[in-house]
Amino acid sequence: MITAPAPALQPASPAPPARWQQLWRDAIRDPARLLALLDLPELAGRLSPAAMAGFPLRVPLGFVGRMRRGDPNDPLLRQVLPLDDEDRPAPGFGLDAVGDLAASGGTGVIHKYRGRVLLVATGSCAIHCRYCFRRHYPYAEQTAAAGGWREALDYLASDTSVSEVLLSGGDPLSLSTAKLAEFTQALATLPHVRRLRLHTRLPVVLPERVDDELLAWLSGLPWPVVVVIHANHGNEIDDTVADALARLRGSGAQVLNQAVLLRGVNDSLPALADLSERLFAAGALPYYLHQLDRVAGTAHFEVPDERARALHDQLAASLPGYLVPRLVREVAGAPAKTPL
């Protein structure tokens, strides 16, 4: 019997890139899995079930890929791993260290500073940073996107002194671009608003979020847009992050970075200088270096003020002024960030 020849094998088509939503769903939530990937079984005994229960682990695989395998002191791992250090009570550390709730102007609306209103757009974030100053925030009752943004928009319409709106969270880029557009379409009817600011960690921890749909939305907005990213260590900035930041700048947005000074992560001159250099090379200007907000569960990250000032002085003596972020603390009730 003569059989038909087998069809020639065709080269496989390249797999389409994973959408950011799928990468979000694939984030690691199990500390044991994270430690196995990094070959760090010795840290299992230091994990805190209580910290996990109150503030679960979440970290995208792409961010894990920038961690150093076998290094228990990796500065990126230290930012996300829930250790028993969080269980130790510390005087002066509370649930609302920066006075967010006292400055509430309605559901998800925080009005602390003249001319600027911050909206807690959502409680969701692609990564759970252990030093997060809103780790105890009542997101279930306080998200501006709930109810179609109506309460937040009513507040903004009622106060014509507000010229700048900040979207924060959680992370506002956790929301779909369509949901963000729903807000900005309504915001565009308020003539007193002149600027929009986004505070987001996603371009750093999940750079795939900076997709064509997001860029089209940003480039079509009627105001100057400032995107304030959040990176604490130079190792967070790889080629994928640099590409995401370039795309953000291509949309017309100004890109700034705010970092938190963290013990065991970036509390050295080489770490801080490298962060500033890598940020600038990627097109983001160092903006703020925050002293730790004294939130319960974060005391092991605190750097004393004297040490913080000395590091900042060393940084200023080592780099051009435009690469030196402002060293500040947020004080509840103060009219602006407080320089140290």
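Now for a description of the structure that goes with this document. Predicted model only: the values in this text are computed from it and were never measured.

**So, the sheet that holds strand S9 (residues 326-329)**
With mixed pairing, the 10 strands of this open sheet are ordered in space as S1-S2-S3-S4-S5-S6-S7-S8-S9-S10. A strand with exactly one partner marks an edge of an open sheet, and here the two such strands are strand S1 (104-106) and strand S10 (338-339). Pairing between strand S7 (residues 254-260) and strand S8 (residues 285-290): 5 bridges, direction parallel. Within S8, the position partnered with Leu 256 by the bridge is Leu 285.

**Observations concerning the nonpolar core**
Within the largest apolar cluster, 91 residues are counted, with the highest numbers of intra-cluster contacts made by Leu 34, Val 59, Met 67 and Leu 119. When residues no more than four places from it in sequence are discounted, the contact partners of Leu 119 are Gly 108, Val 109, Ala 144, Ala 152, Leu 156, Val 165, Leu 166, Leu 167, Ser 168 and Phe 183. Formed by 7 residues, the second largest nonpolar core is a distinct cluster that contains Ile 110, Leu 118, Val 120 and Tyr 139.

**Thoughts on the layout of surface pockets**
Of the volumes computed, that of the largest pocket is approximately 1000 Å³. Residue lining of the largest pocket: 44 residues in total, with Phe 133, Arg 134, Ser 168, Gly 169 and Gln 258 positioned closest to the centre. Listed by contribution, the elements that provide at least two residues to the lining of the largest pocket are strand S2 (109-113), strand S3 (116-120), strand S4 (164-168), strand S5 (195-199), S7 and S8. Taken together, the residues that form the lining of the largest pocket break down as 21 nonpolar, 12 polar and 11 charged. When its volume is computed, the second largest pocket comes out at roughly 190 Å³.

**Observations concerning the side chain of Ser 276**
Within the secondary structure, Ser 276 sits in helix H11 (residues 269-281). Overall, the relative accessible area of 3% leaves Ser 276 in the buried class. In this structure the side chain of Ser 276 is engaged in a polar contact, spanning 2.7 Å, whose partner is the backbone oxygen of Leu 323. When residues no more than four places from it in sequence are discounted, the contact partners of Ser 276 are Pro 286, Leu 319, Leu 323 and Pro 325.

**Describing the side chain of Asp 211**
Mapped onto the elements of the fold, Asp 211 is located in the loop between helix H8 (202-205) and helix H9 (212-219). Given a relative accessible area of 15%, Asp 211 falls into the buried group.

**Thoughts on the packing of aromatic side chains**
With the rule as written, the count across this model stands at 6 aromatic pairs. Pairing Trp 20 with Trp 24 gives two aromatic rings, centres 6.2 Å apart and planes at 70°, and the pair type is edge-to-face. Of this pair, Trp 20 and Trp 24 both sit in helix H1 (residues 20-25), 4 residues apart, which is roughly one turn of that helix. Here Trp 20 falls in the buried class, since its relative accessible area comes to 7%. Where Phe 280 meets Tyr 322, the ring centres are 5.4 Å apart and the plane angle is 45°; that geometry is what we call tilted. In this pair, Phe 280 is assigned in helix H11 and Tyr 322 in the loop between helix H12 (305-318) and S9, connecting sequence segments 42 residues apart. Its relative accessible area of 48% is what places Tyr 322 among the partly exposed residues. When the ring centre of Tyr 137 is taken as origin, the NZ or CZ atom of Arg 134, which lies over that ring, is 6.0 Å away.

**Thoughts on the environment of Leu 315**
Looking at where Leu 315 falls in the secondary structure, it is placed in helix H12. Along the backbone, Leu 315 and Ser 276 are 39 residues apart, and their C-alpha atoms lie at a distance of 9.6 Å. In contact with Leu 315, not counting residues within four places along its chain, are Leu 269, Leu 272, Ala 273, Val 324 and Pro 325.

**Quick notes on the pairing of S4**
With respect to burial, S4 is a largely interior element, 5 of its 5 residues being buried. Side-chain alternation along S4 places Glu 164, Leu 166 and Ser 168 on one buried face and Val 165 and Leu 167 on a second face that is also buried. Relative to S4, S3 runs parallel, the two sharing 5 bridges. Considered in S4, the bridge of Val 120 is made with Ser 168. With respect to chirality, the unit in which S3 leads through helix H6 (residues 150-158) into the neighbouring parallel S4 is right-handed. Both S4 and S5 contribute to a ladder of 4 bridges, which runs parallel. Looking at S5, one finds that Leu 167 is bridged to Leu 198.

**Points about empty space enclosed by the protein**
Applying the stated criterion across every chain, the model contains 1 cavity of 30 Å³ or more. Taken as a whole, the largest cavity holds about 70 Å³ of empty space. Counting only elements with at least two residues in the lining of the largest cavity, the list comes to S7, H11 and S8. In the lining of the largest cavity, the residues fall into 9 nonpolar, 2 polar and no charged.

The rules behind these values
- Residues numbered from 1 in each chain as written.
- Predicted model: local features only at pLDDT ≥ 70, side-chain atom pairs only at ≥ 80, totals over all residues.
- Heavy atoms only, no water.
- Pairing = 2+ DSSP bridges.
- Helix = DSSP H or I, 4+ residues; strand = E, 2+ residues; numbered from the N terminus.
- Core = buried A, V, L, I, M, F, W, Y, C linked by side-chain atoms within 4.5 Å.
- Buried < 20%, exposed > 50% of the residue type's maximum accessible area, 1.4 Å probe, protein only.
- Contact = heavy atoms within 4.5 Å.
- 1 Å grid on protein atoms, 1.4 Å probe; cavity = no way out; pocket = protein on both sides within 12 Å on 5 of 7 lines; lining within 4 Å.
- Points joined across faces, edges and corners; volume = space filled by probe spheres on them.
- Nonpolar A, V, L, I, M, F, W, Y, C, P; charged D, E, K, R; others polar.
- Polar contact = N/O pair within 3.5 Å; in protein donor to acceptor, adjacent residues only side chain to side chain.
- Phe/Tyr/Trp six-rings, centres within 6.5 Å; stacked < 30°, edge-to-face > 60°.
- Lys NZ or Arg CZ within 6 Å of the ring centre and 35° of its normal.
- Right-handed = clockwise from strand over helix to strand, strands pointing away.

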